[in-house]
Structure formats: C-alpha cells, structure tokens
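Residue-level structural notes
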Amino acid sequence: KEDALQELLDHISDLSLNVRAVFAGAETGVELADQLSEAMHVTTNGTALSEERRNKFAMGEAVRQAGLRAVKQLKASVWGEIKTWIEEWQPSPFKVIVKPMDSAGSDDV
C-alpha cells in the first residue's frame, strides 16, 4: 500500500504541477485523499481521523468520546449478538437502522 502511494506521489511530482489541495471525488476516495494531501504537505484533514470520517461506527464513537450525544449503536456481524442487544435495550418505539459501516453503500439511509 505504501509503495503504491509513493508511486502515485512520484507520478504527481513528475507532472510539475502546483498542487494546493486534494479532494475526494467520492466517499470511497476519502482515505486516499487524506494520505495524498498529508504527504504533499497541502491543506489536509490528515490521516489521524480518516477512519472516523469514513466508518460510521467509528464516527459515532468519536462523537460520544467528545462528550456529545450520539446514537446508541452496536457493531456486530452475528445475528445472535444483534438479537441480544435489541432484547436488552428494548427500544420503544422500536426503531433500529441497520447499515454498513462504510456508508458508500447506504447513502440517504
């Protein structure tokens, strides 16, 4: 991964452009845009919180750790864990949203 990033940086450098910023064109480009902008020393979000910007579970936990209200959430991949969590929580009214952590596949959910 680092070799591919360095190869891309070398190609960009060879173009002799005055790059001032790097923007992700889509949700799936966030991590690469963060890596490129950080390596190119341009204005950047940096890579320290890339995961929190891309992964909705990590984002919610970062919000919670900052002392703000955040939705109750569970990261699980086995139905038994989910069932137990819902049964213990007993939401009323019953409102549960299931979505992938990387939101590109669940926009507007």
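Described below are features of the structure shown in this document. (Residues numbered from 1 in each chain as written. Predicted model: local features only at pLDDT ≥ 70, side-chain atom pairs only at ≥ 80, totals over all residues. Heavy atoms only, no water.)

Listed as buried for helix H2 (residues 30-39) are Val 30, Ala 33, Asp 34, Leu 36 and Ser 37. In this structure, the buried side of H2 is in contact with helix H1 (2-14) and helix H3 (50-54). Residue His 41 follows H2 closely and has a positive phi angle near 60°. (Buried < 20%, exposed > 50% of the residue type's maximum accessible area, 1.4 Å probe, protein only. Helix = DSSP H or I, 4+ residues; strand = E, 2+ residues; numbered from the N terminus. Contact = heavy atoms within 4.5 Å.)

Our focus in this paragraph is a nonpolar patch on the surface. Taken together, the side chains of Trp 89, Phe 94, Val 96 and Val 98 make up a nonpolar region of the molecular surface, amounting to roughly 410 Å² of accessible area. Here Phe 94 is to be found in the segment after helix H5 (79-89). The exposed category is assigned to Phe 94, whose relative accessible area is 54%. (Patch = residues over 30% accessible without salt bridge, like charges linked within 9 Å, V, L, I, M, F, W, Y side chains within 5 Å. Areas by Shrake-Rupley, 256 points an atom, 1.4 Å probe, with all protein chains shown as cover. Salt bridge = Lys/Arg side-chain N within 4 Å of Asp/Glu carboxyl O.)

Evaluation of the coordinates by the stated rule reveals 1 aromatic pair. Aromatic side chains Trp 85 and Trp 89 sit 5.0 Å apart centroid to centroid with 45° between the ring planes, which places their arrangement in the tilted category. Of the two residues, Trp 85 and Trp 89 are both situated in helix H5; the distance of 4 residues between them amounts to about one turn of the helix. You can call Trp 85 buried: its relative accessible area is 18%. The exposure class assigned to Trp 89 is partly exposed, which follows from its relative accessible area of 32%. (Phe/Tyr/Trp six-rings, centres within 6.5 Å; stacked < 30°, edge-to-face > 60°.)

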